[in-house]
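Spelled out from the first residue to the last, the chains are:
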Number of protein chains: 2
Amino acid sequence: MAHRTPVVRSRTLDARVGASVVLKPESLQRVGAFKFRGAYNAVALLDPAARARGVVTVSSGNHAQALALAAALHDVSALVLMPADAPAVKVAATRGYGAEVVSFDRYAEDREELLAAAVAERAMASVHPYDDERVMAGAGTAALELVEDAGPLDLLLVPVGGGGLIAGSATAVAGEGVRVVGVEPAAGDDVRRSLAAGERVRVPVPETIADGQQLPTPGELTWPVIRERVAAVEPVTDDEIVAAMRFAFERCKLVLEPSGASALGALLAGRVPLAGAERVGVILSGGNVDLERFADLTARRHEM
Amino acid sequence: MAHRTPVVRSRTLDARVGASVVLKPESLQRVGAFKFRGAYNAVALLDPAARARGVVTVSSGNHAQALALAAALHDVSALVLMPADAPAVKVAATRGYGAEVVSFDRYAEDREELLAAAVAERAMASVHPYDDERVMAGAGTAALELVEDAGPLDLLLVPVGGGGLIAGSATAVAGEGVRVVGVEPAAGDDVRRSLAAGERVRVPVPETIADGQQLPTPGELTWPVIRERVAAVEPVTDDEIVAAMRFAFERCKLVLEPSGASALGALLAGRVPLAGAERVGVILSGGNVDLERFADLTARRHEM
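In short, a report on the structure. For clarity, every value in this text was computed on a predicted model and none was experimentally measured.

### A closer look at the overall build of chain A
Thinking step 1. For chain A, the count of helices and strands is 13 helices and nine strands.
Thinking step 2. Here chain A has a C-alpha radius of gyration of 18 Å; the compact-globule value for 304 residues is 19 Å, and the two agree.
Thinking step 3. With respect to the principal axes defined by its C-alpha atoms, chain A has extents near 55 × 40 × 40 Å.
Thinking step 4. Scored against the burial criterion, the 304 residues of chain A give a buried share of 59%.
Thinking step 5. Here the contacts in chain A between residues at least 6 apart in sequence split such that 70% fall between residues at least 24 apart.
Thinking step 6. Of the roughly 11800 Å² that chain A leaves accessible, carbon and sulfur atoms contribute 48%.

This is the structure:
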């Protein structure tokens, strides 16, 4: 049901990095991000009777649209709780896929309580954006396809937010000798700190342009997978992300949102030690950015 | 040797058009445009002894880079004659693929004479950007792949400049019941007029943002193929092209140059009668536009 996104290569990128680089543009995935893979898998794996009662989540990001489409494709209802200050375009897009959107005040109301109430009152199945093994497994099919289509890799770079994509990806390529490295915003390096501490560390919600990665701590279920399977997590700055957005636009003709360009940004900035890796895979996780914001971010170097 | 570019779909596009639409983004092709297909094919089909003496062309556009790369991949030299006022970035890109670039004054010197001199003095093989059957045949593989990957089509929309892409595409799908329709800038509708007149018509070099389609008359060799195999050619305005560039960016996450968006622009603007077509293919011919020009064109409606 998910698109098999293509493998994209760039001679310029290879020359700059000094390795053979293959990009996996999940920006070309349904709903414009890898999130469709996990959301669809979660809905598909529900018991049919449970699925018929519909699904619910809290999200203002790509998962909202992904779950809405996954539910629509299964002909079941979806309820998405969104903060009242979520961008109107995202609310409209989620409604466009047929979901019911309920707004809440993110400063006055507790999202977990609202979610629990929806689950209790309407008997809907909750599908978390990342802390769900079905979601992680679905997300990992991006890495699986990349290795199937591009051949063996020495190094795989994956953006890290809550950790669903990297947990699934690292599991998908486990045993194949691939060094899996995560990339997260330098302003919020909770996963890197967690790896160093050996336990989940919480940081303030990071100020970064990478809105898909503004999370203060690794997920409860993604964390043990990350600890076991991810070799390292490297930080990337907003300036480096913007440089990667420009590079992807001009050299690869791809539109990437900031989070979607983060792993490429770290690679281009030399933040990831290649350690002899000759074949490098990079997951470009999404492309949901409107033209005005894209033009604004790339017109001048962004300073936080 | 060419990338097999993916098939891209958009639910929003289907809904707007009222048909099932499949896009073929040649922006993701090597050198960022369909031109690589024809240039590579031409070089590959040269007699090895002739090929060893190198290839030459006159171009300031995507064909320059395409021939440079095609020659490099065959380990032979390429000479590209470029107008002295060609954008520095295009000169640099063509040199970056290993070609020798010789500038000429487009107002004082005759490009055909310069080309003839290069062919005579250096015994190089000339590869025309479109008036070459090997180039047309190579370009047509874009349509061939689209039909192979997406299934049968009722209607295929193809941007028209010199006519190499549409001549090759129409030939590739001949006999499959596909109505092939070309799209050219309204400011320079030489091919539409030629079809109406039954012979090649020449117009002034059109003022349009679609720099890949600024040609005053159909090619000598492409014309008979177009007359035989193309059902109609429809005009598209610069504003409609810009709207398609925006649509491709925001909905499909694809970067398109103006010419590359022209067929999509005509479809979105309702300029192409569907005549009951349920399955519509659109070739997006290229994505070579720098970020500043893209932002400038899409920031406001362009008025010629």
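### Let's talk about the relation of the copies chain A and chain B
Thinking step 1. After a rotation of 180° and a shift along the axis of 0.0 Å, chain A superposes on chain B with an RMSD of 0.0 Å. Both chain copies can therefore be described as sitting about a two-fold axis. For chain A, the minimum C-alpha distance to the rotation axis belongs to A:Leu254 and amounts to 2.7 Å.
Thinking step 2. A symmetric contact is evident, with 100% of the interface residues of chain A recurring at the interface of chain B.

### What to know about the packing of helix H9 (residues 190-197) of chain A against helix H10 (residues 222-229) of chain A
Residues and elements named next belong to chain A.
Thinking step 1. At a minimum axis distance of 11 Å, the contact between H9 and H10 shows a crossing angle of 65°. As judged from the angle between their axes, H9 and H10 are roughly perpendicular. Crossing handedness for the pair H9 and H10: right-handed. In contact with Val191, Ser194 and Leu195 of H9, H10 contributes Trp223, Ile226 and Arg227.
Thinking step 2. Per-class residue counts for the contact of H9 with H10 are four nonpolar, one polar and one charged.

### A closer look at the interface of chain A and chain B
How big an interface is tends to be stated in terms of accessible area lost as the parts join.
Thinking step 1. Residue-level contacts link 23 residues of chain A with 23 residues of chain B.
Thinking step 2. Between chain A and chain B lies a buried interface of about 2100 Å² when both sides are counted; carbon and sulfur atoms form 65% of it.
Thinking step 3. Scanning the region where chain A abuts chain B turns up two salt bridges.
Thinking step 4. For the salt bridge of A:Glu292 with B:Arg246, the shortest nitrogen-to-oxygen distance reads 2.7 Å.

### Considering the environment of A:Glu121
All names here are of chain A.
Thinking step 1. Examined against the element boundaries, Glu121 turns out to sit in helix H6 (residues 111-122).
Thinking step 2. By relative accessible area, Glu121 is classed as exposed at 67%.
Thinking step 3. Sequence separation of Glu121 and Arg95 is 26 residues, and the distance between their C-alpha atoms is 21 Å.

### A few points about helix H13 (residues 291-299) of chain A
Thinking step 1. Those residues of H13(A) that sit buried are A:Leu291, A:Phe294, A:Leu297 and A:Thr298. Projection of H13(A) onto a plane perpendicular to its axis shows the buried side chains occupying an angular sector of 135°, all on one side.
Thinking step 2. Of the surrounding elements, those touching the buried residues of H13(A) are helix H11 (238-252) and helix H12 (258-268) of chain A together with helix H12 (238-252) and helix H14 (291-299) of chain B.

### Structural notes on the nonpolar core
Thinking step 1. Counting 80 residues, the largest nonpolar core has A:Leu264, A:Val282, B:Leu264 and B:Val282 as its most contacted members.
Thinking step 2. Ignoring sequence-local partners within four residues, the contact set of A:Leu264 consists of A:Leu13, A:Leu23, A:Ala244, A:Phe247, A:Ala248, A:Val282 and A:Leu284.

### Quick word on the packing of aromatic side chains
Thinking step 1. Tallied over the entire structure, the rule returns six aromatic pairs over all chains.
Thinking step 2. Between A:Phe36 and A:Tyr40, the aromatic rings sit 5.5 Å apart at their centres with planes inclined by 40°, giving tilted as the arrangement. Here A:Tyr40 and A:Phe36 lie together in helix H2 (residues 35-45), a separation of four residues that amounts to about one turn. Considered together, A:Phe36 and A:Tyr40 belong to a single accessibility category, that of buried residues.
Thinking step 3. Through pairs of rings, three or more aromatic residues link up here, namely A:Phe249, A:Phe294, B:Phe249 and B:Phe294.

### Let's talk about the pattern of salt bridges
Thinking step 1. One pass over the structure, following the stated rule, counts 26 salt bridges over all chains.
Thinking step 2. Sharing partners across several salt bridges, the network here consists of A:Lys24, A:Glu26, A:Arg37 and A:Glu145.

### Notes on the environment of A:Ala275
Residues and elements named next belong to chain A.
Thinking step 1. Tracing the backbone shows Ala275 in the loop between H12 and strand S9 (279-284).
Thinking step 2. Judged by relative accessible area, Ala275 falls into the exposed class, the value being 71%.
Thinking step 3. Spatially, the C-alpha atoms of Ala275 and Arg53 are 50 Å apart, while their sequence positions differ by 222 residues.

### Notes on the sheet that holds S9(A)
Residues and elements named next belong to chain A.
Thinking step 1. Taken in spatial order, the five strands line up as S1-S9-S6-S7-S8 in an open sheet, and their pairing is parallel. Each of the sheet's edge strands pairs with one partner strand only, and the pair in question is strand S1 (20-25) and strand S8 (232-236). Sheet twist, expressed as the average angle between the axes of neighbouring strands with direction ignored, equals 25°.
Thinking step 2. Relative to S9, S1 is paired through six bridges, and the arrangement is parallel. Residue pairing for S9: Leu23 is matched across the bridge by Val282.
Thinking step 3. Sitting on the sheet, helix H8 (residues 164-172) is in contact with strand S6 (155-159), strand S7 (179-185) and S9, with an inclination near 160° to S6.

Calculation criteria
Residues numbered from 1 in each chain as written. Chains lettered and ligands numbered in written order. Predicted model: local features only at pLDDT ≥ 70, side-chain atom pairs only at ≥ 80, totals over all residues. Heavy atoms only, no water. Helix = DSSP H or I, 4+ residues; strand = E, 2+ residues; numbered from the N terminus. Rg over C-alpha atoms; globule rule 2.2 N^0.38 Å. Buried < 20%, exposed > 50% of the residue type's maximum accessible area, 1.4 Å probe, protein only. Contact = heavy atoms within 4.5 Å. Areas by Shrake-Rupley, 256 points an atom, 1.4 Å probe, with all protein chains shown as cover. Least-squares fit on C-alpha atoms with pLDDT ≥ 70 in both. Axes fitted to C-alpha atoms, helices over the stretch in contact; angles between N-to-C directions. Parallel < 35°, antiparallel > 145°, perpendicular 65-115°, else oblique. Left-handed = near helix turned anticlockwise from the far one by under 90°. Nonpolar A, V, L, I, M, F, W, Y, C, P; charged D, E, K, R; others polar. Buried area = accessible area lost by both parts, 1.4 Å probe. Salt bridge = Lys/Arg side-chain N within 4 Å of Asp/Glu carboxyl O. Arc of directions from axis to C-beta. Core = buried A, V, L, I, M, F, W, Y, C linked by side-chain atoms within 4.5 Å. Phe/Tyr/Trp six-rings, centres within 6.5 Å; stacked < 30°, edge-to-face > 60°. Pairing = 2+ DSSP bridges.

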